[in-house]
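Listed below, chain by chain, are the residues.
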Amino acid sequence: MTNDTAAQSEALAPIMTARGVDVFYGKKQAIKKVSLDIPENQITALIGPSGCGKSTFLRCFNRMNDTIESCRVTGDIQFAGQDIYDQKVDVVALRSRIGMVFQKANPFPKSIFDNVAYGPRIHSLSESKEHLEDIVITSLRRAGLYDEVSDRLNEPGTSLSGGQQQRLCIARAIAVDPQIILMDEPCSALDPIATAIIENLMDSMKEKYTIVIVTHSMQQAARVSQQTAFFHLGELVESGDTETIFTNPAQERTQNYISGRIG
Amino acid sequence: MNDDHIVSSFDEDMTRLETMFLEMGEIVTEQLKSATRALRKEDRVLAKQVVKGDKQLNKMEAELNDLAIKILALRQPFAGDLRKVVTTLKSAGHLERIGDLTRNMAQRTNTITKASADTGPIETLIRMSDIVQDMIITIMRAYKNRDTDLAMKVRARDESVDTSHNALFREMLTYMMEDLRNISGCMHVMFMAKNIERMGDNVADIAKEIIYMNTGDWPEDKRIKSDKTSRMIMDPDAL
């Protein structure tokens, strides 16, 4: 194997794998035997109609479902070769490696600076005040927000526009140096310009991070992702490279959904 | 696949696109049929009608283009719908091109008929036109019925048009060598034959689009092309 092909196959190796994952809310099964690989440094989009289980499945990746009492997850999810549901796993540390951005931007009632500095502080990631500043500025830059807020870092995060708040949340997730960022409908409350800025940001972020996004917008999935997985009634119907899914899907159910024939 | 979209006006747009394309196919077939009859009957009135009739085809193609662009912009189709819109758009371009070639054929008919120019035997040309007319009718049926096998058959059939074109090329060269006064008429017939040969290529391209529309894959095999006229030379001493 040449160096080039070795590098290529390394880049395509999954950073996360799910095998036979079931999720139950009480007795109701929300996810049925789902297996999916998440390739590193790519954007994977999870699509499907409301209630199909895509957000539930996304939340399995950093054990956010643990916060719901009636929720039970079985199956195997490996991250960097480790079972993330192993009892020995430190969930807080896991969530710093696998960050999350939610549908509604949720900045803390703190300054812009403190919103981003929060994670590094609680995880003791900074060695000095200067180092912390460096982390905050780098994170804001990576989230494409720094130039817009550089002269008002002490103003409240809530004073920003919706799109800026969402990028602040992305900066907050980045600040703890994660490998994966999970995004649950990150643009559904944003106007097309703010959406385009976030999508452009995601595209540049994938060089450093792996992104998994849940989106209701098939156009968004088609625009931003390299891999798409279609969920329906708790099942993973089909996954594959985005171009194939949107031009020539293998499954009739996928075809019917993406062409607006089933909701 | 479910036939109906949740948004019914999307269905209406798609049906309209299909109807417009099928109508274009019918008109192109009629145009070629008339152009061929005009040549055979030396009918200048009919030839002029064909020339005039091409405007309608151009107009229909422009309308189909507008509708396809509207669907792409406003409906943002995916998968089978996307393939149908794009391949119909491209195929309509091929039909419009066949229309142009037919118009050119009618113009030449008008010219040689007016000049009473001797063209030599035109049976091979008529046969080529008959094959292409049948190919157009069949390819429109393949589109309407989403019949991939039929599209494949039409694509393969273009070879027989090429073969006839080769034969006609040779016939015309011989005829021109026999008597220089035949050259003018024969040259027009040769250009008409080239037009029909190009029409066959356009139909074969539509067949390729239909195969992609239906399957999502482009045909892997290369179409057999038998047009050998570009390598043909006639030695006067061999006559």
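Just so you know, these numbers come straight off a predicted model, no measurement behind them.

1. As for the sheet that holds strand β9 (residues 227-232) of chain A
Backbone hydrogen bonds are what pair the strands of a sheet, in a parallel or an antiparallel way. Residues and elements named next belong to chain A. Read from one edge of the open sheet, six strands run β6-β7-β8-β3-β9-β10, paired in mixed fashion. Whereas interior strands pair on both sides, the edge strands pair on one side only; in this sheet they are β6 (98-101) and β10 (235-241). On average, each strand axis in the sheet is tilted by 15 degrees relative to the strand beside it, whichever way the strands run. The pairing of strand β3 (residues 43-47) with strand β8 (residues 210-214) spans four bridges and is parallel. Bridge pairing in β8 links Leu46 to Val214. Here helix α7 (residues 162-174) sits on the sheet and contacts β6 and β7 (180-184); the angle it forms with β6, its principal contact strand, is near 170 degrees.

2. A short note on the pairing of strand β1 (residues 14-25) of chain A
All names here are of chain A. Note that β1 and strand β2 (residues 28-39) share eight bridges and pair antiparallel. Counterpart to Phe24 in the pairing with β2 is Gln29. Counting the residues in the hairpin turn of β1 and β2 gives two residues, including Gly26, whose phi is positive at 65 degrees. Across eight bridges, β1 lies against strand β4 (residues 71-79) in antiparallel orientation. Residue pairing in the sheet places Arg19 in a bridge with Asp76 of β4.

3. Points about a nonpolar patch on the surface
All names here are of chain B. Judged by side-chain polarity, Leu180, Ile183, Met187 and Phe191 come together as a nonpolar surface patch covering roughly 370 Å² of accessible area. Along the chain, the position of Leu180 falls in the loop between α5 (148-178) and α6 (183-215). You can call Leu180 exposed: its relative accessible area is 66%.

4. Regarding the environment of Met202 of chain A
Residues and elements named next belong to chain A. In this structure, Met202 sits in helix α8 (residues 192-205). Spatially, the C-alpha atoms of Met202 and Val237 are 25 Å apart, while their sequence positions differ by 35 residues. Not counting chain neighbours up to four residues away, the residues in contact with Met202 comprise Ile43, Met183, Ile211, Ile213 and Val224.

5. Quick notes on unusual backbone geometry
One non-glycine residue, Ala80 of chain A, adopts positive backbone phi at about 50 degrees. For Ala80 of chain A, a relative accessible area of 61% corresponds to the exposed category. Unusually for a residue other than glycine, Ser116 of chain B sits at a positive phi of about 50 degrees. Considering the arrangement of structural elements, one finds Ser116 of chain B in the loop between α3 (79-114) and α4 (123-144).

6. Regarding the nonpolar core
All names here are of chain B. Counting 65 residues, the largest nonpolar core has Phe21, Leu95, Leu125, Ile136, Ile139 and Met199 as the members making the most contacts within it. Elements with a minimum of two residues in this core: α1 (8-41), α2 (44-75), α3, α4, α5 and α6. Once you skip the residues sitting within four places of it in the chain, Ile139 turns out to touch Ala151, Val154, Val203, Ile206, Ala207 and Ile210.

7. Some words on the packing of α2 of chain B against α3 of chain B
All names here are of chain B. Taken N-terminus to C-terminus, the directions of α2 and α3 make an angle of 165 degrees; their axes are 9 Å apart at the nearest point. Overall, the two elements α2 and α3 adopt an arrangement that is roughly antiparallel. As α2 packs across α3, the resulting crossing turns out to be left-handed. Among the residues forming the contact of α2 with α3, the class breakdown is 13 nonpolar, ten polar and eight charged.

8. Some words on the interface of chain A and chain B
Counting from both sides, the interface comprises 16 residues of chain A and, opposite them, 18 residues of chain B. Along the contact surface separating chain A from chain B lie one salt bridge. Applying the counting rule to chain A against chain B returns eleven residue pairs in polar contact (both at pLDDT 80 or more). Counting only elements with at least two residues in the side of chain A that touches chain B, the list comes to α9 (218-224), α10 (242-247) and α11 (252-258) of chain A.

9. Details of helix α5 (residues 129-142) of chain A
Along an α-helix, a turn takes 3.6 residues, which lines up residues three or four apart on a common side. Residue and element names in this part refer to chain A. Taking 1.5 Å as the rise per residue, α5 with 14 residues should run 20 Å; its terminal C-alpha atoms sit 20 Å apart, in good agreement. Every buried residue of α5 is listed here: Leu132, Ile135, Val136, Ser139 and Leu140. For α5, the angular spread of the buried residues around the axis is 125 degrees, confining them to a single face. Summarising the geometry of α5, the exposed residues directed more than 90 degrees from the buried face are Glu130 and Arg141. Summarising the contacts, the buried residues of α5 are in contact with α4 (112-122), α6 (146-149) and α7. Within two residues after α5, Gly144 carries a phi angle of roughly 65 degrees, on the positive side.

Conventions and cut-offs
Within each chain, residues carry numbers counting from 1 in the order of the written sequence. All chains are assigned letters beginning at A, and all ligands numbers beginning at 1, according to the order in which they are written. With pLDDT at 70 or above as the cut-off, local features in this predicted model cover only qualifying residues; side-chain atom pairs require 80 or more to be listed or tallied, and sums for whole chains, interfaces and linings still use all residues. By convention in this description, side-chain values take in all heavy atoms of the structure and omit both hydrogens and water. Any two strands with at least two DSSP bridges between them are considered paired. Secondary structure elements are defined from DSSP: runs of H or I of at least 4 residues count as helices, runs of E of at least 2 residues count as strands, and each element is numbered from the N terminus. To define axes, lines are fitted to C-alpha atoms, for helices over the stretch in contact only, and angles between the resulting N-to-C directions are given on a 0 to 180 degree scale. Working rule for contacts: check all heavy atoms of both residues, and any pair within 4.5 Å makes them a contact. Only residues whose relative accessible area exceeds 30% and that take part in no salt bridge are eligible for patches, with like-charged residues grouped when within 9 Å of each other and nonpolar side chains (Val, Leu, Ile, Met, Phe, Trp, Tyr) grouped when within 5 Å. Note on areas: Shrake-Rupley with a 1.4 Å probe; residue coverage comes only from the protein chains shown. Think of a salt bridge as a Lys or Arg side-chain nitrogen and an Asp or Glu carboxyl oxygen that are within 4 Å of each other. Think of it in three bands: residues with accessible area under 20% of the maximum for their type are buried, residues over 50% are exposed, and the middle band is partly exposed, with areas taken using a 1.4 Å probe on protein chains only. Buried Ala, Val, Leu, Ile, Met, Phe, Trp, Tyr and Cys residues form a nonpolar core when they are joined through side-chain atoms within 4.5 Å. Reported orientations rely on four angle classes, namely roughly parallel under 35 degrees, roughly antiparallel over 145, roughly perpendicular from 65 to 115, and oblique for the rest. If you view the pair so one helix is near and one far, a crossing is left-handed when the near helix is turned anticlockwise from the far one by less than a right angle, and right-handed when it is turned clockwise. In this classification, Asp, Glu, Lys and Arg are treated as charged, Ala, Val, Leu, Ile, Met, Phe, Trp, Tyr, Cys and Pro as nonpolar, and every other residue, Gly included, as polar. Identification of polar contacts relies on pairs of N or O atoms within 3.5 Å, with a donor-acceptor requirement for protein atoms, meaning one able to donate a hydrogen and the other able to accept it, and with residues adjacent in sequence counted only if both atoms are side-chain atoms. Every helix has an expected span of 1.5 Å times one less than the residues it contains. Taken from the helix axis, the directions to the C-beta atoms give the arc we talk about.

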